[in-house]
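# Fold and geometry: a report
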Protein chains: 2
Amino acid sequence: MAIACPKLQLRFLGLARSLPSLARQPLPCLLPARSSPITVLRAVRRTAKARTLSAVKDDQSLSSIITELEQEQEEDETAAGEDVTRRLPERWSEIHGRDDWAGLLDPMDPLLRSELIRYGEFAQACYDSFDYDPFSRYCGSCKYNRRRFFSSLGLEGIGYEVTRYLYATSNINLPNFFTKSRAGAKIWSQRANWMGYVAVSDDETTARLGRRDIVVAWRGTVTRLEWIADLMDFLRPVNSVGIPCPDPSVKVESGFAELYTDKDPTCRFCKYSAREQLLTEVRKLVELHSRAGEEVSISVTGHSLGSALAMLSAYDIAEMGLNVGEGGERVATTVFSFSGPRVGNGHFKERFEGLGIKAIRVVNVHDTVPKVPGILFNERVPAFLRRLAEALPWSYSHIGVELPLDHRRSPFLKETVDPSCFHNLEAHLHLLDGYHGKGHRFVLASGRDPALVNKACDFLKEHHMVPPFWRQDENKGMSRAHDGRWVQTDRQEVDDHPEDTQHHVQRLGLADDHHH
Amino acid sequence: MAIACPKLQLRFLGLARSLPSLARQPLPCLLPARSSPITVLRAVRRTAKARTLSAVKDDQSLSSIITELEQEQEEDETAAGEDVTRRLPERWSEIHGRDDWAGLLDPMDPLLRSELIRYGEFAQACYDSFDYDPFSRYCGSCKYNRRRFFSSLGLEGIGYEVTRYLYATSNINLPNFFTKSRAGAKIWSQRANWMGYVAVSDDETTARLGRRDIVVAWRGTVTRLEWIADLMDFLRPVNSVGIPCPDPSVKVESGFAELYTDKDPTCRFCKYSAREQLLTEVRKLVELHSRAGEEVSISVTGHSLGSALAMLSAYDIAEMGLNVGEGGERVATTVFSFSGPRVGNGHFKERFEGLGIKAIRVVNVHDTVPKVPGILFNERVPAFLRRLAEALPWSYSHIGVELPLDHRRSPFLKETVDPSCFHNLEAHLHLLDGYHGKGHRFVLASGRDPALVNKACDFLKEHHMVPPFWRQDENKGMSRAHDGRWVQTDRQEVDDHPEDTQHHVQRLGLADDHHH
């Protein structure tokens, strides 16, 4: 960093110690004198890295005041932090909702906080990897190959492997949700949208977690909230879309149900429904690992519309009896929901909870999406939709335990009226990191980088100098071919379905499932 | 490329031969059965690459129909093309305007066309390397180190080396031109903007060109045209800003004159004026190479406001007598201007041409900028400015030879009312490539990639599937530091001035130049 003008140099002299870096404004309200132990798995690894950094003189300007404070804290608390980390195997069933998170939310349990962030990052990965560009031939797909999914996102250390991608057909009644290419016929698929993935913990992580963890992550939508206007549809019985619930009064929003169960036999990617793709994969993984004698858990996560799919699919897994191991043991199934809308009616809620599935819903109290469907829309929704909503019977019900956050508590965030900021998943993860309980001061627990908030929105105060909407591909994915021309890079392969899918669909009794 | 649906596959079967690639829509109106020989230096090199490409089966889908046609053409004409390329040493003084381009414009001379594109690309490099991001600490600077300037832009083969960067102070009366950071004090410089560079041909390129070529490239503005509203200022005598012209009636637009001559002693980057930076560098280079017995040329180029600086600085070089070699021989000085505004009055034009400087002005007839200052502004300019313009005496005059192009002749470009498209430099280079003379059909001569047009605008027809504004940095220049945080990358060094600048300023008699 070169200081250009003598006057500037003078101005900085007095700040040299308190302003070790010009890279970022000093961050307010960071860490208490004696804060909660750091419990994320990666925090321990980061300590070593942070120490290495401080030894590198040239990189001093890269570090900001937050890093320095974090180091001091970690040096104080590494021992305690490692203790808490080691307690994950013994505490995970509690963290996964065994007691409905009683006593863990206020004050906020540090291990629960870090686990919520960890599962939220699986949902965030769906956004960071999705191809939104209408000028891309792969618009609506995942930008990365399944086998390199996490490493392409810079998440090499996450300790999970993606075993399957999930697709849905866009032929359903949610026109404002699907991303479509302008390329007309010349694209990877005209009918499919990539909707998420199934991943499973590797051996090392399994040892650390105390169980083999199957993660299901569903994609939602980052900025375009228009899809919620499509939801004023109707509730339909879950058994009308093939989920084997004996009670026809158990109903869910039909748009979610269709997204989850529709398919298109003419399309390579959505010839199986998202439901069939998910259930066959979960069945295979539970069988494989419980047969090996391992304890298995199923953790389903999603943000926004992805949360609705998480609720519905976790329920389906239990209704189908797939949350049972080879020896008849129950496989704990938990939904980590972020900014999710309501999914079904009161009977759905009762059935869901009666099956023993646990759900925790992280919301920002200023976000509109968790308030739909079922209430007056806010002022940004056209009046005719609001009248329509009023005319419908009130019959939607939230599920599980809510963890309400408030973005106004974070000193990093600016005043805005943009509802897509309130709804942003990265903002929720930032709010989680600073949350210690009702009435507690906002203090970052892990020091999770606040810069991440501005990946896909404009929410951080300007003086932090983090560009808004900074996550973008170099040259929108255009690169130079051998002949010097600028072209969209061809992809070697877009993952579709394992060859044994049809076999497993039949095993699950779904083969004759022609409910549409 | 995976075709997802059987129906799509069927649809493509009939097109398999005529549509070898899905990467780009077949491009209309490309190459005539027997087109002009390709004369750009790089075209010969590209022939070899294109052939390599056609042998690589996997990359077949990367090539588009344009590449295939080009290959065929090049195979026909390589011999002829090399002949024309070899004629550059004997033809360059003609190409650089010795005869005021008489007989070279209609029909368009192929060697002149390729040389105009080549010099235009030096001006384009100023845009591609400029840091526009108001959230960057380096906003207003060049993104790349001087020594790696061309290679950072993917122009390794250009055959020139940048010897100096040029800066100007933003303390002048063109508020809508300068790019400023929101970082307040924490930036590379609060007062300077990077304005371009001086480069010189390497030995190999010098041998090919037939002389040592000094290129001066001035940055203009790509999309923000508001700066032209600032120009309704006044003409001032060039000798009032220190240019030693004996005639006080020789006047130029004062905004350009100030931009060129102002400095700020408190700022490391603009303690010398752009004028001082340029003149000292040109003097050094001319001395060095003419002393070695080489023929030397000075080629000054710029787009938009950069064109005004090109005109003014080329004139200054001649007025200062720097276009003379060690043995007293004249150093040919030529301005390659793109979309340039008028610079001075009629006396300036006469003085400019009387000093033997040559200027060719490439314009798009639909572009507003070459019509200012000095005429009614268009409908996008506020009415009060228009009235002001009417009240001023008409006294501006264009210089040199105009080459008028018309973007409506290109079948690649769509209908738009966006004036920044009409003004775009890449669009001009595209139009040049297809220009063969008045009334001639638009046919790409070198096959220069039309995708380049959309680098920083939205001008190509949508069916070509080139994203608009596609040139962008990965993550807006944010990258992960060692500690995992996302930060703006620190730059090792921002180039300022050679240590001997003061010495050369004194040699040129500029040291006591306190005209402000």
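This one's a predicted model, so the numbers in the text were calculated from it and none came from an experiment.

### A closer look at the overall build of chain A
- When you go through chain A residue by residue, the secondary structure sums to 15 helices and 13 strands.
- Relative to all contacts within chain A whose residues are 6 or more apart in sequence, the contacts with residues 24 or more apart total 75%.
- Carbon and sulfur atoms make up 51% of the accessible area of chain A, which amounts to about 19,200 Å² in all.

### Examining the nonpolar core
- Judged by nonpolar contacts, the single largest core of 71 residues is most densely connected at Phe-149, Tyr-197 and Leu-432 of chain B.
- Tallying contributions element by element places helix H5 (residues 110-128) of chain B first for this core, with 10 residues.
- Apart from the residues lying within four places of it in its own chain, the contact partners of Leu-432 of chain B are Met-108, Arg-113, Leu-116, Ile-117, Phe-338, Val-362, Leu-403 and Leu-405 of chain B.
- Leu-105, Tyr-144, Tyr-160 and Trp-470 of chain A belong to the second-largest nonpolar core, a separate cluster that totals 70 residues.

### Some words on the packing of helix H5 (residues 110-128) of chain A against helix H14 (residues 425-434) of chain A
Residue and element names in this part refer to chain A.
- Relative to each other, H5 and H14 sit at 170 degrees, their axes nearing to 10 Å. One finds that H5 runs roughly antiparallel with respect to H14. For the pair H5 and H14, the sense of crossing is left-handed. Taking contact as the criterion, the partners of Arg-113, Leu-116, Ile-117, Gly-120, Glu-121, Ala-123, Gln-124 and Tyr-127 in H5 are, on H14, Leu-425, Glu-426, Leu-429, Leu-432 and Asp-433.
- Residues belonging to the contact of H5 with H14 are distributed by class as follows: seven nonpolar, two polar and four charged.

### A short note on the pairing of strand E6 (residues 296-303) of chain A
Residues and elements named next belong to chain A.
- Most of E6 is tucked away: eight of the eight residues are buried.
- Relative to E6, strand E3 (residues 212-218) runs parallel, the two sharing seven bridges. When the bridges of E6 are listed, Val-216 appears paired with Val-300.
- As paired strands, E6 and strand E7 (residues 332-338) are joined by seven bridges and run parallel to one another. Looking at E7, one finds that Ser-299 is bridged to Thr-334.

### Notes on the confidence of the model for chain A
All names here are of chain A.
- Residues of chain A with pLDDT of at least 70 account for 76%, and the chain-wide mean is 80.
- Ignoring residues within four places in sequence, the model shows residues 1-65, a span with pLDDT below 50, making 156 contacts including any to other chains.
- Scored below 50 in pLDDT, residues 376-381 shows 12 contacts in the model against residues more than four places distant or in partner chains.
- Scored by ipTM, the complex comes to 0.78, with pTM at 0.80.

### Focus: the pairing of strand E2 (residues 192-201) of chain B
Residues and elements named next belong to chain B.
- Among the 10 residues of E2, 10 are classified as buried, and the element is accordingly described as predominantly covered.
- Relative to strand E3 (residues 212-218), E2 runs antiparallel, the two being bridged by five bridges. Bridging from a neighbouring strand, Ala-199 pairs with Val-215 of E3.

### Quick look at the sheet that holds strand E1 (residues 160-169) of chain B
Residues and elements named next belong to chain B.
- If you trace the seven strands from one edge of the open sheet to the other, you get E1-E2-E3-E6-E7-E9-E11, paired in mixed fashion. A strand with exactly one partner marks an edge of an open sheet, and here the two such strands are E1 and strand E11 (401-405). Adjacent strand axes in the sheet meet at a mean angle of 15 degrees when their direction is disregarded.
- Docked against the sheet, helix H9 (residues 274-291) engages E1, E2, E3 and strand E6 (296-303), running at close to 160 degrees with respect to E1.

### Some details on helix H14 (residues 425-434) of chain B
- Most of H14 of chain B is tucked away: 10 of the 10 residues are buried.
- Lining the buried residues of H14 of chain B we find H5, E6, strand E7 (332-338), strand E9 (358-364), E11 and helix H13 (419-423) of chain B.

### Here's the deal with unusual backbone geometry
- In this structure, the amide linkage connecting Asp-106 of chain A to the following residue, Pro-107 of chain A, adopts the cis form with an omega of 0 degrees.
- When you line up the elements, Pro-107 of chain A lands in the loop between helix H4 (88-95) and H5.
- Phi is positive for Ser-304 of chain B, close to 65 degrees, though the residue is something other than glycine.
- Residue position: Ser-304 of chain B is located in the loop between E6 and helix H10 (305-319).

Rules of the game
- Residues numbered from 1 in each chain as written.
- Chains lettered and ligands numbered in written order.
- Predicted model: local features only at pLDDT ≥ 70, side-chain atom pairs only at ≥ 80, totals over all residues.
- Heavy atoms only, no water.
- Helix = DSSP H or I, 4+ residues; strand = E, 2+ residues; numbered from the N terminus.
- Contact = heavy atoms within 4.5 Å.
- Areas by Shrake-Rupley, 256 points an atom, 1.4 Å probe, with all protein chains shown as cover.
- Core = buried A, V, L, I, M, F, W, Y, C linked by side-chain atoms within 4.5 Å.
- Buried < 20%, exposed > 50% of the residue type's maximum accessible area, 1.4 Å probe, protein only.
- Axes fitted to C-alpha atoms, helices over the stretch in contact; angles between N-to-C directions.
- Parallel < 35°, antiparallel > 145°, perpendicular 65-115°, else oblique.
- Left-handed = near helix turned anticlockwise from the far one by under 90°.
- Nonpolar A, V, L, I, M, F, W, Y, C, P; charged D, E, K, R; others polar.
- Pairing = 2+ DSSP bridges.
- pLDDT = per-residue confidence, 0-100.

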